[in-house]
Structures are given as structure tokens and as C-alpha cells.
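Remarks on the overall topology
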Amino acid sequence: MGNSESEYRLEMTGITKSFGVVSVLEGVDLKVKHGEIHALLGENGAGKSTLVKILSGVHQKDSGTVLLNGKEINPKNTHYGQLLGISVVYQELSLVNDLSVAENIYLHKLGASKFWMNWKKITKDAQELIDSLGFVIDASAKVRDLSIVQKQVVEIAKALSEDTKVLILDEPTTVFDPNDAKKLFDNLIRLKNDGMSIIYISHHLEEIFKIADTITVLKDGVDTGSMATKDIDKDGVIRLMIGRELEDLFPTRNVVISDEPIFEVQNLTGSDNFVKDVSFSVRAGEVLGIAGLGGSGRTEMAKLIFGADKKKSGTLILNGKVITTKTPVDAVKHEIGFVSEDRKEEGVFLPLSIRRNISITSFKPISSKLGFINNEKEFNNVLGLIDKLNIKTPSSEIDVKNLSGGNQQKVALAKWLSIDSKLIIIDEPTRGVDVGAKVEIYNLINEVAKKGVAVIVISSDMPEIMGIADRILVMHKGSIFGELPKDKFSEENILRYSIGEELKY
């Protein structure tokens, strides 16, 4: 079949793939037109990444056919995939830290001999490519000096430096604030209008409805069909993804919130003066949302409270008593927990088992008077939490690095639930987590609040923060710019405060 006869640039039909006895894909179809943004959705473990890896040459399929422009292809490796015009931007960055931005972008074109490379031209071309994407990044800078957002942009530029026909983006906006995400979407729509086929994987359904023309949903390795975005709504997509009705993503908040604050922050300022003069209070049983754009100081403020960053001045009051948290150890002694947005670096200990991760903060309740760990107590505590949080694992002894993102996040939460925390700060509770796990994490936050714990949730996902918080504080340039009670929650109000604008009532 020639190119002209097919309305599809890419046709994957009947794709199956097993790893040992585990069947990951069963007869999956994916068809993508020329000049189309095609969303590929599904929970973690649904088979999205495997399908993409077969297309790009990382994995070989067991059966099925892949047609590109009507011709059958079988990419044996990623290099072969790239030659065919298939470029992938994975969630895990694959840049070389010690090379410059330009060298990373054109790495595949760099020959063995440096004498023949026109470095000036390579840097100039890279700079033009990045400028065309609308981001400010110096092409001659070393990658290690870039922010995580800038690194993600370099990955995208690298994919576009090829003669790309099919661009695959796996969770590209995980680290972007709304402003950066909008820039990316504008670029994708421009590329689509130029005829590129784009496969877009994301957990953010509001993004999908903004930019995708077509949606394919995978559930447990089977595709549940494709449909035009205009023919389905968010609830319909969620139903297909989790295979059950979802009355509501967020639990009903029927928690008794105390009148008195359990925790107060007065005039908190960081040693670098970035976070300055922050004051607020949170009550037992309350979920306090902290919103703001990337770079507004939300995470930095949390780290100051937890003792992970150095304070210049300010007072912390817990249960009416002034406390000091010079280090995270101090914070834990005061029963303050912190679930970091960066799971892999700060949230969990990847090489350790689930049991060791959960028990790491809770040696006191499971130890004997002499300080020895009571194995039975520890085991029961851990198994109880695995069961309660629905952590999908065959055993408590599995290393955390072998779990999906959603289950890693649950382990990070379990660590603080296993002690009687008075305050838990959770930064980006569901980043990179599928819809099913999100619902479980929201229920968990609700449960924690019901026990009388004060919970602070930092999130850049506006529907999320409005869905779980009782009250929202919005940060702008290192300070709290405004507060929204429940009846004033709206994306517009959060955004206005985020950019430093007063609300118009």
C-alpha cells in the first residue's frame, strides 16, 4: 500500500508483548494521522511505555504489524527508529551533564573526530532551535547548570533536531508551570500544523482536552478503542482508564476542623532571602493548599519549615509552643513529616525494601524499651500500611525502585503515616501518578486529616488543589500573596494571585 492510499502515517495493529510470563500488551491497535496530536492514556502499568518502546526500537514486539507511511517497519534499535523519523522524549531525562546544550542536541551527529566539527555552527543551530521554541536557554551552557525545566526543553529540542515525522512525548509537562506548558502546547500545535504526527502521553486530562485531536486509552495492556476528543468528556476517559465509574475524583471533606491553630508560622525568611516574611497557620484536621507558579517559593518554604534549608529568621509554633527545626531530624522529633516532590532524590530510598522505607521514621513505636526493633510489631505495622494504601507489591521486601511511580509515592506517604505526625507537608502529592493511584492518595490525605493531623499540600495541579484543600494560600515571588476560602476557589482566582494581581470582586 503506497503512501497516498493511507490516511494514517502510523498504523500499529495487533501488537502483543510479554516479558517472561507477564503479558504487557495484548493485540493493541494505534493509528495516528498526518498532522495530528494523538493522546495515549492509561494508568501506570497499562502498557503505554511498552507500546512506545516497540515503536521506537527499544523493545521488539512478539506479534502484530507496524506500518509507517504504508510500509512495514521493524525498528531493531533506537538508532534505526530515529533514521525512520521516530523521536521520543522520555520522562526520564537522558542528557549528558558534562556536555553543552548544543552538544547534547546534536550528539547523534557528532563524528569521532572533533577536528571536522564546526562548533560555531552547531552552537548557532542549537540556539536557533531553542529560540524557536520560545524558551531562554544558552546553547553553550553546560547541561548540569540547567534547571529541570530547561533540561526537559533541551530533550524536546534534541528530538526536533532530527527529521522527525512521529514525535512521542511521555509526560512532558511534569516539571512545567502553566506558563511553560502553554509554550510547549503552542509549539506542538505549530508542529502539528506543519504535518508532524505527535503521540502525547499524559496523566493531565485537562491538557489532553486542550491539545489532542484523538484519544486512545489502554487498560491492562488492551486498547479500549480510539475516539475523537470532541466526542468524549473527562469522566468518560477516566471510566475507560480505570474500568469503573468515578463519581468523584476527590473524597467528600466532612472533617471536624479545630478552631485553634495546631501550627503557626510567623515572619519566616530563608537565609538567601528568596522566601521572605511568610506567616500563616493551619488547624488540626485541615488540609491547607499552597498554590503558585514554578519558582514562587512553595517548595523552598516547606524545606525551611522542615529544617532542610537554612532559615534567616522567623518563628514556628506547634501546639502553642515555639519550636526550632534546624535540621529534618529536629522536625521529625516534633512529629512533622515532609513528602518531597522529588521522590527519587528525597522521598524514598530506592535501593531499600518497602519495609525498610516505611520503618525508617518509626523506630520508636516498633522498638522495645532497650531500643531493639520488635520484628513482629514492625512487620504488622508495615503490612497494615501496605494493605491500607493498596500498595501493589507481592511482598514488603521488594525494593522500592521496582515499584511504579504511584506506588513509590504511597511508600513515601506511608513513611510519615507510620508515626503519629502532627503536621504533614506533601509537595506535589500525585506528580507522575495515574488516575487510579491519585484517587487513593486523595482518600489517604482525607483519612490523615480525619485523624486530626494538620496537612499542607503544595500542588501546581489546580483542579487537584481545589479538590482536596479546605483553604488555599497562593505564593508569588517568595511570599504569600493571597488567601482563598473554599467559596472563592477557581482557576482564575489562583492564577491572578499567582501572577501578583489582586482579585476583582
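Details of the structure are given in the entry above.
Conventions used here
- Per chain, residues are indexed from 1 in the order of the written sequence.
- Predicted model: local features are reported for residues with pLDDT of at least 70 only, side-chain atom pairs are reported and counted for 80 or more only, and whole-chain, interface and lining totals are derived from all residues.
- As a rule here, side-chain values cover all heavy atoms of the structure and leave hydrogens and water aside.
- Buried residues are those whose accessible area, probed at 1.4 Å on protein chains only, stays under 20% of the maximum for their type, while exposed residues exceed 50% and partly exposed ones sit between those limits.
- Strands here mean DSSP runs of E at least two residues long; helices mean DSSP runs of H or I at least four residues long; both are numbered from the N terminus.
- Note on definitions: a residue-residue contact is assigned when non-hydrogen atoms from the two residues lie within 4.5 Å.
- Any Lys or Arg side-chain nitrogen located within 4 Å of an Asp or Glu carboxyl oxygen qualifies as a salt bridge.
- For the purposes of this section, nonpolar cores are sets of buried Ala, Val, Leu, Ile, Met, Phe, Trp, Tyr and Cys residues that join through side-chain atoms within 4.5 Å.
- Each aromatic pair joins two rings of Phe, Tyr and Trp (for Trp, the six-membered one) with centres within 6.5 Å, and gets the label stacked for planes under 30 degrees apart, edge-to-face for over 60, and tilted for any other angle.
- Note on pairing: two strands pair once DSSP finds at least 2 bridges between them.
- Fitted lines through C-alpha atoms serve as axes, helices being fitted only where they are in contact, and the angles separating the N-to-C directions of these axes extend from 0 to 180 degrees.
- When describing relative orientation, an angle under 35 degrees is termed roughly parallel and one over 145 degrees roughly antiparallel, while 65 to 115 degrees is termed roughly perpendicular and anything else oblique.
- Throughout, a crossing is termed right-handed when the near helix is turned clockwise from the far one, and left-handed when it is turned anticlockwise from it by less than a right angle.
- Each residue receives one of three labels: charged for Asp, Glu, Lys and Arg, nonpolar for Ala, Val, Leu, Ile, Met, Phe, Trp, Tyr, Cys and Pro, and polar for the others, Gly being one of them.

**Observations regarding helix α1 (residues 48-56)**
Counting buried positions along α1 gives seven out of nine residues, so the element sits mostly inside the fold. Turning to α1, its buried residues number three or more, namely Lys 48, Thr 50, Leu 51, Val 52, Ile 54, Leu 55 and Ser 56. Phi turns positive, to about 100 degrees, at Gly 57, one or two residues after α1.

**Quick word on the environment of Thr 78**
Position of Thr 78 among the secondary structure elements: in helix α2 (residues 78-83). Sequence separation between Thr 78 and His 59 is 19 residues, and the spatial gap between their C-alpha atoms is 9.1 Å. Aside from chain neighbours lying at most four places away, what touches Thr 78 is Ser 56, Gly 57 and Val 58.

**A short note on the pattern of salt bridges**
If charged atoms from side chains of opposite charge come close, those side chains can pair. This model, assessed by the stated rule, comprises 19 salt bridges. Across the salt bridge formed by Asp 125 and Lys 121, the nearest N and O atoms sit 2.8 Å from each other. In this pair, Asp 125 and Lys 121 both sit in helix α4 (residues 119-133), four residues apart, roughly one turn of the helix.

**Here's the deal with the environment of Leu 160**
Summarising the element assignment, Leu 160 is placed in helix α5 (residues 148-160). Of the residues examined, Leu 160 reaches a relative accessible area of 15% and is grouped as buried. Between the C-alpha atoms of Leu 160 and Leu 129, which are 31 residues apart in sequence, the distance is 8.3 Å. Those residues in contact with Leu 160 that lie beyond four places of it in its chain are Leu 129, Leu 133, Leu 167, Leu 191 and Met 196.

**Focus: the nonpolar core**
Residues Leu 41, Ile 105, Leu 167, Leu 188 and Ile 215 are the most contacted members of the largest nonpolar core, which totals 50 residues. Element by element, the count of residues in this core is highest for α5, at seven residues. For Ile 105, the residues in contact, after removing those within four places along its chain, are Ala 126, Leu 129, Ile 130, Val 154, Ala 157, Lys 158 and Ser 161. Counting residues in each nonpolar core, the second largest holds 29 residues, with Ile 290, Met 301, Leu 423 and Met 475 among its members.

**A closer look at the packing of aromatic side chains**
Inspection of the entire model under this criterion finds five aromatic pairs. A centroid spacing of 6.1 Å and a plane angle of 45 degrees characterise the contact between Phe 135 and Phe 176, whose relative ring orientation is tilted. Of this pair, Phe 135 sits in the loop between α4 and α5 while Phe 176 is found in the loop between β7 (166-170) and α6 (178-193), placing the two residues 41 residues apart along the sequence. Summarising the burial analysis for this pair, Phe 135 and Phe 176 share the class buried. Look at Phe 250 and Tyr 442: their rings are 4.7 Å apart centre to centre, the planes differ by 35 degrees, and that puts the pair in the tilted class. Here Phe 250, found in the loop between α8 (234-242) and β11 (261-270), pairs with Tyr 442, found in helix α15 (residues 435-450); they are 192 residues apart in sequence, far enough to count as distant. Owing to a relative accessible area of 16%, Phe 250 belongs among the buried residues under this scheme.

**Overview of the sheet that holds strand β12 (residues 278-283)**
Sheet architecture is open: four strands sit in the order β12-β11-β14-β15, paired in antiparallel fashion. With one partner strand each, in any of the chains shown, β12 and β15 (321-323) form the two edges of the open sheet. Averaged over all neighbouring strand pairs, the angle between strand axes comes to 20 degrees, with direction disregarded. Sheet topology places strand β14 (residues 311-318) next to β15; three bridges connect them, and they run antiparallel. Within β15, the position partnered with Leu 316 by the bridge is Ile 323. Sitting on the sheet, helix α9 (residues 298-306) touches β11, β12 and β14, and the angle it makes with β11 is about 110 degrees.

**Examining the sheet that holds strand β2 (residues 22-33)**
The strands making up a sheet associate through backbone hydrogen bonding, with each pair oriented either parallel or antiparallel. The four strands are arranged β2-β1-β4-β5 in an open sheet whose pairing can be described as antiparallel. Each edge of the sheet is formed by a strand with only one pairing partner; in this case those strands are β2 and β5 (71-72). Packed onto the sheet, α1 meets β1 (8-19), β2 and β4 (63-68) and runs at close to 115 degrees relative to β1.

**Describing the packing of α4 against α5**
Contact pair α4 / α5: the axes reach a minimum separation of 10 Å and the direction vectors enclose 115 degrees. Classified by the angle their axes make, α4 and α5 are roughly perpendicular. Here α4 and α5 pass one another in a crossing that is right-handed. Residues Leu 129, Ile 130 and Leu 133 of α4 form the contact with α5, whose participating residues are Val 153, Ala 157 and Leu 160. Its residues assigned to classes, the contact of α4 with α5 comprises six nonpolar, no polar and no charged.

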